[in-house]
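# Understanding the architecture of this molecule
The lines below spell out each chain.
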Amino acid sequence: MSEQSTDLRETVRQRYAAAAVQVTEGGTACCGPQAIEVDDNFGGSLYAADERDTLPAEAVAASLGCGNPTAVADLNEGERVLDLGSGGGIDVLLSARRVGPTGKAYGLDMTEEMLALALANQKKAGATNVEFLKGTIEAIPLPANTIDVVISNCVINLSTDKPAVFAEMFRTLAPGGRIGISDVVAEDNLTAEQRAERGDYVGCIAGALSFAEYRQGLEAAGFTDIEITPTHAVADGMHSAIVRAIKPATSEALTSKNATTDSCCTPAEQATDSTTTVSEAKNASGCGCS
């Protein structure tokens, strides 16, 4: 990773760590947690009131996303869901309810403060089919072919290595698996410099891909049936968008071709037990792979 990429990642980490602390400290006040200041294009207001009302207030207050991926992912009972950049846990907790006790919802985040907040919210919600993981979205700490649905809410645009993110999503998804993502996407006519003029990197603007770039990145990773649908403007020429795509059901060869090698299982390995939790896999000999 280049020095610039490392600096950007650290800037992102610091911003979200501060956000988690803000919510946590607000939770000790008389009036409850203080929502992170965002405009109407981002945050908990993008979720339906009946969803917000069933969650811990801290999970809603910590929401910084640009959409509601759980509303577009068509989650079903018994499915295994992975949320990239899970923050305070709002999408993980909603997903856990939709997949039910026979399903599993994983949340992945690189920020200790957000993970601590998410674990507290999980306890308050009484969610038992949830597991939060520490790691980066460019190197997902889960075995290959073990997830049915990958979701994410305005996080992939923050990555400095988006091809690695797309490859890791593809690797971890089981054949026939799918993605349902909310992200900021730029109109194709905007240059990288013009995107940066409209907002900074940690504000989810400067690092956004264009519609064409997003599609090309997913195709290069092996995804098919790609749909990128804008929902609302977040800046001039910049949109929150719903991104859907599928990992073909006969994609074992593509998994090895596109997978990165710095995650739990190598491209040539498979999970010994597809129902193994990441904690069990990581503690097993050979990382639970064979």
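Criteria and cut-off values
- Residues numbered from 1 in each chain as written.
- Predicted model: local features only at pLDDT ≥ 70, side-chain atom pairs only at ≥ 80, totals over all residues.
- Heavy atoms only, no water.
- Helix = DSSP H or I, 4+ residues; strand = E, 2+ residues; numbered from the N terminus.
- Buried < 20%, exposed > 50% of the residue type's maximum accessible area, 1.4 Å probe, protein only.
- Pairing = 2+ DSSP bridges.
- Phe/Tyr/Trp six-rings, centres within 6.5 Å; stacked < 30°, edge-to-face > 60°.
- Lys NZ or Arg CZ within 6 Å of the ring centre and 35° of its normal.
- Salt bridge = Lys/Arg side-chain N within 4 Å of Asp/Glu carboxyl O.
- Axes fitted to C-alpha atoms, helices over the stretch in contact; angles between N-to-C directions.
- Contact = heavy atoms within 4.5 Å.
- Core = buried A, V, L, I, M, F, W, Y, C linked by side-chain atoms within 4.5 Å.

The next subject is the overall build of the protein chain. Along its length, the protein chain carries 10 helices and seven strands. Counting only residues that meet the buried cut, the protein chain has 57% of its 290 residues in that class.

Moving on, we get to the pairing of strand 7 (residues 238-246). Of all nine residues in strand 7, seven are buried, a share of seventy percent or more. In terms of strand pairing, strand 5 (residues 173-186) meets strand 7 through nine bridges, oriented antiparallel. In the strand pairing of strand 7, V185 is matched with H239. Alignment of strand 6 (residues 224-235) against strand 7, held across eight bridges, turns out to be antiparallel. Paired with P230 across the two strands is A241, which belongs to strand 7.

Turning our eyes to something else, we now look at the packing of aromatic side chains. When we look at a pair of aromatic rings, we describe it by the centre distance and by the angle of the planes. This structure, assessed with the given rule, holds two aromatic pairs. Seen in terms of ring centroids, F166 and Y214 are 5.4 Å apart; in terms of plane orientation they differ by 50°. Their pairing is tilted. With F166 in helix 6 (residues 162-172) and Y214 in helix 8 (residues 211-221), this residue pair connects regions lying 48 residues apart in the sequence. It is K247 that lies over the ring of F170; its NZ or CZ is 4.9 Å from the centre.

The element helix 6 is extensively covered by neighbouring structure, given that 10 of its 11 residues are classed as buried. Every buried residue of helix 6 is listed here: K162, A164, V165, F166, A167, E168, M169, F170, R171 and T172.

Two side chains with opposite charge may pair up if their charged atoms get near one another. Applying the stated criterion to the full structure yields eight salt bridges. In this structure, D148 engages R80 in a salt bridge whose closest nitrogen and oxygen atoms are separated by 3.1 Å. With D148 in strand 4 (residues 147-153) and R80 in strand 1 (residues 80-84), this residue pair connects regions lying 68 residues apart in the sequence. Residue classification places D148 among the buried positions, given a relative accessible area of 18%. As a salt-bridge pair, K134 and E112 come within 2.6 Å of each other at their nearest N and O atoms. Here K134, found in strand 3 (residues 130-134), pairs with E112, found in helix 5 (residues 112-125); they are 22 residues apart in sequence, far enough to count as distant. The exposure class of E112 is partly exposed, given its relative accessible area of 46%.

The strands that make up a sheet are held in pairs by hydrogen bonds between backbone atoms, and each pair lies either parallel or antiparallel. Reading across the sheet, the seven strands line up as 3-2-1-4-5-7-6 and stay open at both edges, with mixed pairing between neighbours. Edge positions in the sheet fall to strand 3 and strand 6, since each of these pairs with one other strand and no more. For this sheet, the mean angle separating the axes of adjacent strands, direction not counted, is 15°. Bridge count between strand 2 (residues 104-109) and strand 3: five bridges; the pairing is parallel. Bridge assignment links L108 to a residue of strand 3, and that residue is L133. The strands touched by helix 4 (residues 90-99) within the sheet are strand 1, strand 2, strand 3 and strand 4, with strand 2 carrying the most contacts at an inclination of about 165°. Sheet strands touched by helix 8: strand 5, strand 6 and strand 7. Its angle to strand 6, the strand with the most contacts, is close to 150°.

Turning next to the nonpolar core. Among the nonpolar cores identified, the biggest contains 31 residues, and L82, L84, M169, I179, Y214, L218 and F223 are the most heavily contacted of them. Elements represented by at least two residues in this core include exactly strand 1, strand 2, strand 4, helix 6, strand 5, helix 8, strand 6 and strand 7. The next biggest cluster of nonpolar side chains, apart from the first, holds 10 residues, and it includes C154, L190, A208 and M238.

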